[in-house]
Amino acid sequence: MKKLFALVMVCVMVLGGVACANTPEESSEGKMKVALVVSGPVNDGGFCAGAYEGLLLAEKDLDVQTAYTENVEITEIEAVFTDYASEGYDLIIGHGFQFGDPALKVGAKYPDTKFICTNANAKSENVASYELGGKDGSYVLGALAAYMSTSNKIGMVAGIEGPSQIKIVEGYKMGAKSVNPDIEVFYTFTGSFTDVAKGKDAATAMIDSGADVISHCANQAGTGAIKAAEEAGIIATGNSLDQYELSPDTIICSDIWSTPGLIKSAVQDVQEDEFVGGFHELGMAAGMIDIGPYHNFEDKIPEDVKDNIANLIKDIKNGDFEVPSVSQLTD
């Protein structure tokens, strides 16, 4: 997996209309076949969009045949995986921790098919999981939120409760408390990565309780949290991609995941027979996570805060500080 440690950041495309599934009309003789399965729309401006951009990069740069299915519910994953495997796809990618168990089940029936799941911990000879170290980015954003809060109350809106999501929430809490041990950190698991209304309602409840900074790790549902912050006139942070354009006067900063580079590199590993089943965790030190610019808030954040955040990022990247990996809620 040597190429995973030399990934580059890739800007996400603004995508147009969506469909439930997209498959090529004809098979391209001799080409490796790769399928991507995501829980939300591929134009969500965040988590799913990054994976789709990686699929497009693989198609363009590696000359592979691609297909994707979006808006897949948990109950549908196994059937979608089975369809692609039975159609002879060489690699099937499930984007999110909920794809792990279905990959193991279907992978056992189709041992010649490779499965890759992001933010999961499923592993076997033909199943590999890559956890994008979101805890690193959320720790930094938690620290930033604590510095910027005047109410000493901040909030994190998460998606479906699971180990990778808990690590992000706990990282956020630890980062905030490293700055202000007495800060109150609200958090909620909406139970959905796609329900924008639930994300907005969760953030609104936090705001009503006094939170003046809102963060999220809820994919499309998280855009609802950003909207709630915008309407309340408070600041928020983005997740997975630089989400500044969603609300330029609200998004103070985003953590950026190099999902496109990971997807492309994973495809290349299979193509070059370098695939290794197992669990792989990659964060800031591996070049997989970074923090975006402050944009409109560049001149509104105190210089000492920016210096402290820059030093924290540097320490994580060079290995002087490792964000603890906590996969169970602490309160």
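K.L.:
I keep staring at the overall build of the protein and nothing clicks. Help me out?
P.N.:
Each helix and strand counted, the protein has nine helices and 13 strands in total. For the protein, the C-alpha radius of gyration of 19 Å lies close to 20 Å, the compact-globule estimate for 331 residues. Burial analysis of the protein (331 residues in total) assigns 57% to the buried set. Pairs at least 24 apart in sequence give 72% of the contacts found in the protein among residues at least 6 apart. Considering the protein, the positive charge centre built from 22 side chains and the negative charge centre built from 49 side chains are found 2 Å apart.

K.L.:
What exactly am I supposed to notice about the sheet that holds strand E9 (residues 213–217) here?
P.N.:
Note: strands within a sheet are paired through backbone hydrogen bonds, in either parallel or antiparallel orientation. On the basis of which strands lie adjacent, the open sheet formed by six strands has the order E8-E7-E9-E10-E11-E13 and mixed pairing. Looking at strand neighbours, the two that pair on one side only are strand E8 (184–189) and strand E13 (289–291), the edges of this open sheet. If you compare each strand with its neighbour and ignore which way they point, the axes differ by 15° on average. Inspection of the sheet shows E9 paired to strand E10 (residues 235–240) by two bridges, in the parallel sense. Within E10, the position partnered with Ile214 by the bridge is Ala236. Here helix H6 (residues 196–208) sits on the sheet and contacts strand E7 (153–158), E8 and E9; the angle it forms with E7, its principal contact strand, is near 165°.

K.L.:
In this structure, what is going on with the pattern of salt bridges? I would like to understand it.
P.N.:
Inspection of the entire model under this criterion finds 12 salt bridges. Salt-bridge contacts for Lys60 lead to Asp61; the nearest nitrogen and oxygen are separated by 3.3 Å. By relative accessible area, Asp61 is classed as partly exposed at 38%. Between Lys306 and Glu303 there is a salt bridge, and its shortest N-O distance comes to 3.0 Å. Here the residue Lys306 and the residue Glu303 both occupy positions in helix H9 (residues 303–317), the gap between them amounting to three residues, near one helical turn. Overall, Glu303 belongs to the exposed group, its relative accessible area being 51%. Each member of the salt-bridge network shares a partner with another, and the members are Lys60, Asp61 and Lys264.

K.L.:
Just checking my understanding: could you explain the packing of aromatic side chains for this structure?
P.N.:
Each pair of aromatic rings is reported with the distance of its centres and the angle of its planes. One pass over the structure, following the stated rule, counts eight aromatic pairs. Between Phe47 and Trp257, the ring centres sit 5.9 Å apart and the planes meet at 85°, which makes this aromatic pair edge-to-face. Pair noted here: Phe47 is in helix H1 (residues 47–62) and Trp257 is in strand E11 (residues 251–257), with a separation of 210 residues, a long-range link. Seen from their ring centres, Phe81 and Phe99 are 5.9 Å apart, and the 35° between their planes marks the pair as tilted. Taken together, the residues span a long stretch of sequence, with Phe81 in helix H2 (residues 77–86) and Phe99 in the loop between strand E4 (91–95) and helix H3 (100–109) at a distance of 18 residues. Exposure remark for Phe81: the relative accessible area of 0% places this residue in the buried category. Relative accessible area serves as the criterion here: at 0%, Phe99 is assigned to the buried category. One aromatic cluster is present, formed by Phe81, Phe99 and Phe115 through successive ring pairs.

The rules we used
- In every chain, residue numbers begin from 1 and rise along the written sequence.
- Selection of residues for local features in this predicted model requires a pLDDT of at least 70, selection of side-chain atom pairs for listing and counting requires 80 or more, and totals for whole chains, interfaces and linings are taken over all residues.
- Excluding hydrogens and water, the side-chain figures rest on all heavy atoms present in the structure.
- Secondary structure elements follow DSSP: runs of H or I of four or more residues count as helices, runs of E of two or more count as strands, with numbering from the N terminus.
- Here the radius of gyration uses the C-alpha set of atoms, whereas the globule reference equals 2.2 Å times the residue count to the power 0.38.
- Throughout, exposure labels follow a simple rule: accessible area from a 1.4 Å probe, protein chains only, divided by the maximum for the residue type, with under 20% read as buried, over 50% as exposed, and the rest as partly exposed.
- Any two residues having at least one pair of non-hydrogen atoms within 4.5 Å are treated as being in contact.
- Counting rule for charge: Lys and Arg are taken as positive, Asp and Glu as negative, and neither His nor the chain ends is counted.
- Where a charge lies is defined by one atom per residue type: Lys uses NZ, Arg uses CZ, Asp uses CG and Glu uses CD.
- Any two strands between which DSSP finds at least two bridges are classified as paired.
- Axis definition: a line fitted to C-alpha atoms, limited for helices to the stretch in contact. Angles are taken between N-to-C directions and run from 0 to 180 degrees.
- Only one rule defines a salt bridge in this text: a Lys or Arg side-chain nitrogen within 4 Å of an Asp or Glu carboxyl oxygen.
- Aromatic rings from Phe, Tyr and Trp, with only the six-membered ring used for Trp, were paired whenever their centres fell within 6.5 Å, and each pair was classed as stacked if the ring planes differed by under 30 degrees, edge-to-face if by over 60, and tilted otherwise.

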